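Coordinate analysis (summary)
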Amino acid sequence: MEMNKPRELQKEFFPATAMPDNAWWSALWPDPDGIVRTLGIEAGMTVVDLCCGDGYFTAPLAELVNGNVYALDIDPEMLNQARSEVERRGASVAEWLCADARDIAGLVPHEIDYVLIANTFHGVPDKTALAQAVWRVLKAGGRFAIVNWHQVAREQTTVLDKPRGPKTEMRMSPEQARAVVEPAGFQLTDLVELPPYHYGVIFQKP
């Protein structure tokens, strides 16, 4: 499908959220299918992979929910890589969206069961505003999951013998994530560990 263009004035990436080399994602998380299941995503759901990057989670999501995935990223090259990975697995998505994550409410149906954002939320300038946009697209009872690096020094999160992830000062604790998401109307329902260096906070729209 034709990809929508991002807003002209908001083409910048969120700070410290560039997509890394796929090789070290594989070293960090050798089982992306297991990660999405650990987050409570199930067959039959309609999901948004927000800031999907190169499709590391998009592909297993698409396979799990039989194509009921909206994959959104501001970088067209990342979307091309994600599309290739989804096709490699013989899966499909409902729509590819080249757009700013903050525009989500105007781009996907307001019938979404689950929104996932991984490794990007720390760089969002107005995190509560993004959570409000996500809230608008979710069904009642829908869930919003944020996968973040733990709030430890970057030097302690090594992958393939090098420090990885955002700068130490940009990292968020689960409590800090909760403090900026719950004002949008969400309730925290679960906190899951995603070893070795990540956690997932899962919120629900009442």
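Residues numbered from 1 in each chain as written. Predicted model: local features only at pLDDT ≥ 70, side-chain atom pairs only at ≥ 80, totals over all residues. Heavy atoms only, no water.

1. Considerations on the nonpolar core
Note the cut-off: Note on terminology: a nonpolar core comprises buried Ala, Val, Leu, Ile, Met, Phe, Trp, Tyr and Cys residues joined through side-chain atoms within 4.5 Å. Burial classes: relative accessible area under 20% of the type maximum marks a residue as buried, over 50% as exposed, and values in between as partly exposed (1.4 Å probe, protein chains only). The helix and strand labels rest on DSSP assignments: H or I over at least four residues marks a helix, E over at least two residues marks a strand, and numbering proceeds from the N terminus. The contact definition used throughout considers only heavy atoms, calling two residues in contact when any of these lie within 4.5 Å.
Ranked by size, the top nonpolar core spans 37 residues in total, and within it Leu28, Trp29, Leu39, Ile41, Phe57, Tyr114 and Leu116 carry the most contacts. Among the elements that make up this core, the one with the highest residue count is helix α3 (residues 58-64) (four residues). For Leu39, the contacting residues outside a window of four places in its chain are Tyr114, Leu116, Val147, Val192, Leu194, Gly200 and Ile202. Residues Ala99, Phe121, Leu138 and Val201 belong to the second largest nonpolar core, which totals 32 residues.

2. Topic: the sheet that holds strand β1 (residues 47-50)
Operational definition: In this analysis, strands are considered paired if DSSP registers two or more bridges between them. Think of each axis as a best-fit line through the C-alpha atoms, taken over the contacting stretch in the case of a helix, with angles from 0 to 180 degrees between the N-to-C directions.
Read across the open sheet, the seven strands follow the order β3-β2-β1-β4-β5-β9-β8; overall the sheet is mixed. Edge positions in the sheet fall to β3 (95-98) and β8 (187-194), since each has one partner strand and no second. Taken pair by pair, the neighbouring strands of this sheet meet at an average axis angle of 15°, ignoring direction. Against the sheet, helix α4 (residues 76-88) engages β2 (69-73) and β3, with an angle of about 165° to β3.

3. Brief notes about the confidence of the model for the protein chain
To keep it simple, the criterion reads: pLDDT measures how confident the predictor is about each residue, on a scale from 0 to 100.
Per-residue confidence for the protein chain averages 91 on the pLDDT scale, and 89% of its residues sit at or above 70. Every residue in residues 1-11 scores below 50 in pLDDT, and together they form 27 contacts with partners more than four places removed in sequence or on other chains.

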